[in-house]
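Structure at a glance
Each chain, written out:
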Amino acid sequence: AGNRMVRKVMLSTNFVTRVAGIFSNFVPSLNVDGTPALNASFNYPYFLDVHPTSGDIYLWCDLENKLRLISAADSKVYTAAGSGTYADSGDGGSATSASLKDVRSVKIAASQNRVYLGITAGPSSPSPTPSPSSCPAMSTCTRWARKSNR
């Protein structure tokens, strides 16, 4: 419960502005695709990155197991990657059908048109080494093999 928002701080003015999400004391809806960003509820938004050219925000919502896209073009929320299932599968398939878990960082590589997810190895994984994934926006998801799996 509580604060489920994305805010930006304008360093030149020290003003804080809500960009997306609502203050919520209830369990948020997991189906926010197409919802205006200021009306969307997120379930534990943790990591994000902003596209340097488009201004799109990619936001990992931990308890949703989804990478959300907050579009700068229409100010709406979309699923960029993740089916919502807490698992580690879907390499080579649709990014929105992939099962993702334990994401601990989000980084945009604008020149490659990719979003990279830093994924920690879960209990069933053979190695504690972080395993980055790259998900071209709204396309396919490919996970790099862990060292022990090469």
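The structure this text deals with has already been given above.
What you are looking at is a predicted structure, and each value in this text was computed from that prediction instead of being measured.

**Considering the side chain of aspartate 49**
The residue aspartate 49 is located in strand E3 (residues 45-50) in this model. Here aspartate 49 falls in the buried class, since its relative accessible area comes to 15%. A distance of 2.8 Å separates a polar side-chain atom of aspartate 49 from the backbone nitrogen of isoleucine 108. In this structure, aspartate 49 is in contact with Asp56, Ile57, Tyr58, Val106, Lys107 and Ile108, ignoring residues within four places of it in sequence.

**With respect to the pattern of salt bridges**
As enumerated under the stated definition, the model contains four salt bridges in all. Across the pair arginine 68 and aspartate 33 runs a salt bridge, and its minimum N-O distance is 3.1 Å. Here the residue arginine 68 occupies a position in strand E5 (residues 66-70), and aspartate 33 occupies one in the loop between strand E2 (15-24) and E3, the gap between them amounting to 35 residues. A relative accessible area of 0% means that arginine 68 is categorised as buried. On the accessibility criterion, aspartate 33 (41% relative accessible area) is partly exposed.

**Some words on the sheet that holds strand E6 (residues 77-81)**
An order of E3-E4-E5-E6 is seen for the four strands of this open sheet, with the pairing classed as antiparallel. Looking at the sheet topology across the chains shown, the edges are occupied by E3 and E6. With direction set aside, neighbouring strand axes in the sheet form an average angle of 30°. Bridge analysis of strand E4 (residues 57-61) against E5 gives five bridges, and the strand direction is antiparallel. Note on E5: the bridge partner recorded for isoleucine 57 is isoleucine 70.

**Remarks on the pairing of strand E8 (residues 114-119)**
Across the six residues that make up E8, a large majority, five, are buried. Relative to E8, strand E7 (residues 103-109) runs antiparallel, the two being bridged by six bridges. Paired with valine 106 across the two strands is leucine 117, which belongs to E8. Connecting the antiparallel pair E7 and E8 is a turn made up of four residues, with asparagine 113 showing a positive phi of about 55°.

**Concerning the nonpolar core**
Counting residues in each nonpolar core, the largest one holds 15 residues, and the members touching the most others are Tyr58, Leu67, Val106, Val115 and Leu117. Elements with a minimum of two residues in this core: E4, E5, E6, E7 and E8. Listed in part, the 11 residues of the second largest apolar core include Val32, Ala37, Ile57 and Val77.

Calculation criteria
Residues numbered from 1 in each chain as written. Predicted model: local features only at pLDDT ≥ 70, side-chain atom pairs only at ≥ 80, totals over all residues. Heavy atoms only, no water. Helix = DSSP H or I, 4+ residues; strand = E, 2+ residues; numbered from the N terminus. Buried < 20%, exposed > 50% of the residue type's maximum accessible area, 1.4 Å probe, protein only. Polar contact = N/O pair within 3.5 Å; in protein donor to acceptor, adjacent residues only side chain to side chain. Contact = heavy atoms within 4.5 Å. Salt bridge = Lys/Arg side-chain N within 4 Å of Asp/Glu carboxyl O. Pairing = 2+ DSSP bridges. Axes fitted to C-alpha atoms, helices over the stretch in contact; angles between N-to-C directions. Core = buried A, V, L, I, M, F, W, Y, C linked by side-chain atoms within 4.5 Å.

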